[in-house]
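Observations on the three-dimensional arrangement
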Amino acid sequence: MNIISVKDYKEMSQTAAGIIINKVKSDPSITLGLATGGTPKGLYEALIQDHQTNGTSYEQVHTFNLDEYVGLSADHPNSYRYYMVDTLLGHLDVALNQTFIPNGTAEDAEAECERYEALIEQLGGIDLQILGIGHNGHIGFNEPGTPFSSKTHVVTLASSTRQANARYFSSIDEVPTHAITMGISSIMNSTEILLLASGEDKADAIYHLLEGTVTEEFPASILKNHQAVTIIADEKALSRTNL
């Protein structure tokens, strides 16, 4: 693991953006794996700013998102498709038909998982996957106990995960109970992985990731077995480690 220690959220976001911009410039047809939530927002803002100022092009890029809520349509304000268009994709020169997110309203969710996994493989896999990390070590929506061998699948969200995401909804009762997520094996098949962590509330998770053993009870721990992982974490997220 390559660990980049930064001062704060802004520096984390800008550092991550610099890595991605350089990758896109060196390989214009790169396939990016994208994440949602609060952590990557600053990164996406920096990518948009660079695109508008420096003209970095995403015309040939393909993107795959980690996950989507089951039951939310693409135009629902809390769906991850809506989030991605509003937060990043709608501000770049990438055609939306080159950006892929699981269909949360598919009639057959299991078939949708198989379709999504096959689509990733058809396009040659993910070159660079962006990840956050949950308080319980989840990556994507792979909760503790998820087999490391898992492919894209339907998951029942842990109550702690629903609680963490409730801030985006009117109440926790509105937070979906299930999601479609890339599996841990799907994530590990990415050529490179970039994990972002910021803030004191991620300090325990980063400590367990760096200092703990590899176990399915802490899904992110499997990243220790990947050949090319970079962690960008700020001082507060690294506060429990010796770094």
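Residues numbered from 1 in each chain as written. Predicted model: local features only at pLDDT ≥ 70, side-chain atom pairs only at ≥ 80, totals over all residues. Heavy atoms only, no water.

Attention now goes to helix α3 (residues 80–87). Each full turn of the α-helix corresponds to 3.6 residues, which orients residues three or four apart in the same direction. Where α3 is concerned, the buried positions are Y80, R81, Y83, M84 and T87. Buried residues of α3, viewed axially, fall in a sector of 160 degrees; they line one side. As for α3, its buried residues are in contact with β2 (31–34), α2 (41–54), β3 (62–65), β4 (67–69), β5 (99–100) and α5 (159–165). (Buried < 20%, exposed > 50% of the residue type's maximum accessible area, 1.4 Å probe, protein only. Helix = DSSP H or I, 4+ residues; strand = E, 2+ residues; numbered from the N terminus. Arc of directions from axis to C-beta. Contact = heavy atoms within 4.5 Å.)

Helix length check: helix α4 (residues 109–122), at 14 residues, gives a terminal C-alpha distance of 20 Å against a target of 20 Å (1.5 Å per residue), a fit within 8%. Residues of α4 that are buried include every one of E112, C113, Y116, E117, L119 and I120, and no others. The arc enclosing the buried residues of α4, seen along the axis, measures out at 155 degrees, which places them on a common side. Exposed residues lying more than 90 degrees from the buried face of α4 are E114, E121 and Q122. Each element contacted by the buried residues of α4 is listed here: β3, β5, β7 (153–156), β8 (178–181) and α6 (184–188). Its side-chain oxygen 3.2 Å from the backbone nitrogen of E110, D108 forms the N-cap of α4. Where α4 ends, the next residue or the one after it, G124, has phi of about 90 degrees, a positive value. (Expected span 1.5 Å × (residues − 1). Polar contact = N/O pair within 3.5 Å; in protein donor to acceptor, adjacent residues only side chain to side chain.)

Looking now at the layout of surface pockets. Unfilled space is identified by rolling a water-sized probe across the atoms. There is about 620 Å³ of room inside the largest pocket. Forming the walls of the largest pocket are 30 residues, and the residues nearest its centre are T39, I133, H138, N165 and K202. Examining the composition of the lining of the largest pocket, we find that four residues originate from one element, α5, more than from any other. A per-class count over the lining of the largest pocket returns 12 nonpolar, 14 polar and four charged. Along its surface, the second largest pocket is lined by 13 residues, and P77, N78, S79, Y83 and Y168 are the ones closest to its centre. (1 Å grid on protein atoms, 1.4 Å probe; cavity = no way out; pocket = protein on both sides within 12 Å on 5 of 7 lines; lining within 4 Å. Points joined across faces, edges and corners; volume = space filled by probe spheres on them. Nonpolar A, V, L, I, M, F, W, Y, C, P; charged D, E, K, R; others polar.)

A complete count under the given rule lists six aromatic pairs for this structure. Ring geometry for Y69 versus Y80: centroids 4.8 Å apart, planes at 35 degrees, classification tilted. Highlighted residues: Y69 in strand β4 and Y80 in helix α3, separated in sequence by 11 residues. In terms of burial, Y69 and Y80 fall into one category: buried. With a centroid separation of 5.8 Å and 80 degrees between ring planes, the pair formed by Y69 and F169 is classed as edge-to-face. On the criterion of sequence distance, the pair formed by Y69 in strand β4 and F169 in the loop between α5 and β8 is long-range, its members being 100 residues apart. The class for Y69 is buried, based on a relative accessible area of 1%. Using a relative accessible area of 10% as the deciding quantity, one classes F169 as buried. Following the ring pairs from residue to residue traces out a cluster consisting of Y69, Y80, F141 and F169. (Phe/Tyr/Trp six-rings, centres within 6.5 Å; stacked < 30°, edge-to-face > 60°.)

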